[in-house]
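Survey of secondary and tertiary structure
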Amino acid sequence: MKGLLCKDWAILVNSYKKNFLIMVVLYLGMAVCLHMDYLCYALVAVCGVDAASTMNFDDYAHWDTYARTLPVTPGQVVGCKYLLGLIPATLFTLFGSVCAAVGIFLTGQYTDVLEAAFSILLIAAFSLLLFAVNMPFSYKFGAVRARTWVYLVAFFGVFLIIFATEHLPYLQRSSVISQLDALGNALTAQPVLLLLPCAAVLLLYLGSWALSVQIYQRKEF
């Protein structure tokens, strides 16, 4: 399993190291020079989703056909991808977070350190969640088609939330917005509460792994 992880890590490094450095310089340069501090937060998201792209390389090389001949279980093959998302991609996200923090400081948008840290952590958790949503679709439909399904799920999810919110009576809508504001203030005031959504994301991540293993075992290569 260590060899599988090293294989995917080598693919990421050899494929993206130049683009990654250019992206960091470009994002930070635009954030500082043009005062576009939101690009610092975007950098966190971009750094956190590269791990899923190894599925494209595997599909093109028909890697899973060869992997079935190796002395590894489906749980180990799939688990390697999830470790790649959890460990190396987490390092990418942490690096992106550091770059984001530097960019926020240089642009002068550091009046509320806790709020900036909360935003960075929230985007990092969202990147991990997006990875977990993408993987079962990738194993079911292939990496290329999976992106379409993920976009559709995300679009309809956001659409349903907006639709439900807009059709709430005014008083109920105001109450929901007030509760969300109170929740955000509580999380900012007591960072320890961030452990709860982070734990929820990790549980969803484990559930995604279990689902992907079931799909992988039944799939014919």
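My aim in this report is to walk through the structure given alongside it, one point at a time. (Residues numbered from 1 in each chain as written. Predicted model: local features only at pLDDT ≥ 70, side-chain atom pairs only at ≥ 80, totals over all residues. Heavy atoms only, no water.)

**Considering the pattern of salt bridges**
- Taken as a whole and assessed by the stated rule, the structure comprises 4 salt bridges.
- Residue Lys7 pairs with Asp58 through a salt bridge whose shortest N-O separation is 3.1 Å. One end of the pair, Lys7, is in helix H1 (residues 2-33); the other, Asp58, is in helix H3 (residues 54-61), with 51 residues separating them in the sequence.
- Asp8 is paired through a salt bridge with Lys81; the nearest N and O atoms lie 3.1 Å apart. Note that Asp8 is positioned in helix H1 and Lys81 in helix H5 (residues 74-86), a separation of 73 residues in sequence.
- Exposure remark for Asp8: the relative accessible area of 1% places this residue in the buried category.
- When salt bridges that share partners are traced, they join Lys7, Asp8, Asp58 and Lys81 into one network. (Salt bridge = Lys/Arg side-chain N within 4 Å of Asp/Glu carboxyl O. Helix = DSSP H or I, 4+ residues; strand = E, 2+ residues; numbered from the N terminus. Buried < 20%, exposed > 50% of the residue type's maximum accessible area, 1.4 Å probe, protein only.)

**Side note on empty space enclosed by the protein**
- This model, assessed by the stated rule, comprises 2 cavities of 30 Å³ or more.
- If you add up the space inside the largest cavity, you get close to 50 Å³.
- What lines the largest cavity is Leu4, Lys7, Asp8, Asp58, Trp63, Asp64, Val77, Cys80 and Lys81.
- Of all the secondary-structure elements, those providing two or more residues to the lining of the largest cavity are H1, helix H4 (63-67) and H5.
- Within the lining of the largest cavity, the residues separate by chemical class into 4 nonpolar, no polar and 5 charged. (1 Å grid on protein atoms, 1.4 Å probe; cavity = no way out; pocket = protein on both sides within 12 Å on 5 of 7 lines; lining within 4 Å. Points joined across faces, edges and corners; volume = space filled by probe spheres on them. Nonpolar A, V, L, I, M, F, W, Y, C, P; charged D, E, K, R; others polar.)

**Considering unusual backbone geometry**
- Phi angles above zero are rare outside glycine, and His62 is one such case at about 55°.
- For His62, the location among the structural elements is in the loop between H3 and H4.

**Some details on H5**
- With 13 residues, H5 extends 18 Å from end C-alpha to end C-alpha; this agrees with the ideal 18 Å at 1.5 Å per step.
- If you check which residues of H5 are buried, you get Val77, Val78, Gly79, Cys80, Lys81, Tyr82, Leu84 and Gly85. (Expected span 1.5 Å × (residues − 1).)

**Things to note about the side chain of Asp64**
- Examined against the element boundaries, Asp64 turns out to sit in helix H4.
- Buried within the structure, Asp64 lacks any salt-bridge partner; Lys219 is the closest side chain of opposite charge, at an N-O distance of 6.1 Å.
- Engagement of the side chain of Asp64 in a polar contact is seen with the side chain of Tyr216, the distance being 3.3 Å. (Lys, Arg positive; Asp, Glu negative; His and termini not counted. Polar contact = N/O pair within 3.5 Å; in protein donor to acceptor, adjacent residues only side chain to side chain.)

**A short note on the layout of surface pockets**
- As a volume, the largest pocket reaches approximately 540 Å³.
- Residue lining of the largest pocket: 20 residues in total, with Leu130, Phe131, Asn134, Val150 and Tyr151 positioned closest to the centre.
- Those elements that provide at least two residues to the lining of the largest pocket are H3, helix H7 (113-141) and helix H8 (143-166).
- Among the elements that make up the lining of the largest pocket, the one with the highest residue count is H8 (8 residues).
- Its residues placed into classes, the lining of the largest pocket shows 14 nonpolar, 5 polar and 1 charged.

**Thoughts on the packing of H5 against helix H10 (residues 195-218)**
- Packing of H5 against H10 brings their axes to within 9 Å, and their N-to-C directions diverge by 145°. Where H5 crosses over H10, the two elements pack in a sense that is right-handed. Two secondary-structure elements touch here, H5 through Pro74, Gly75, Val77, Val78, Gly79, Tyr82, Gly85 and Leu86 and H10 through Leu202, Tyr205, Ser208, Trp209, Ser212, Val213, Tyr216 and Gln217.
- Looking at the contact of H5 with H10 residue by residue, the class counts come to 10 nonpolar, 6 polar and no charged. (Axes fitted to C-alpha atoms, helices over the stretch in contact; angles between N-to-C directions. Left-handed = near helix turned anticlockwise from the far one by under 90°. Contact = heavy atoms within 4.5 Å.)

**Details of the packing of H3 against H8**
- H8 packs onto H3 with a crossing angle of 140° between their chain directions and a minimal axis gap of 9 Å. It follows from the interaxial angle that H3 and H8 lie oblique. Residues Met55, Asn56, Asp59 and Tyr60 of H3 lie in contact with H8, whose contacting residues are Ala143, Val144 and Arg147.
- In terms of residue class, the contact of H3 with H8 is built from 4 nonpolar, 1 polar and 2 charged. (Parallel < 35°, antiparallel > 145°, perpendicular 65-115°, else oblique.)

Everything listed is a geometric property; what it means functionally is a separate question.
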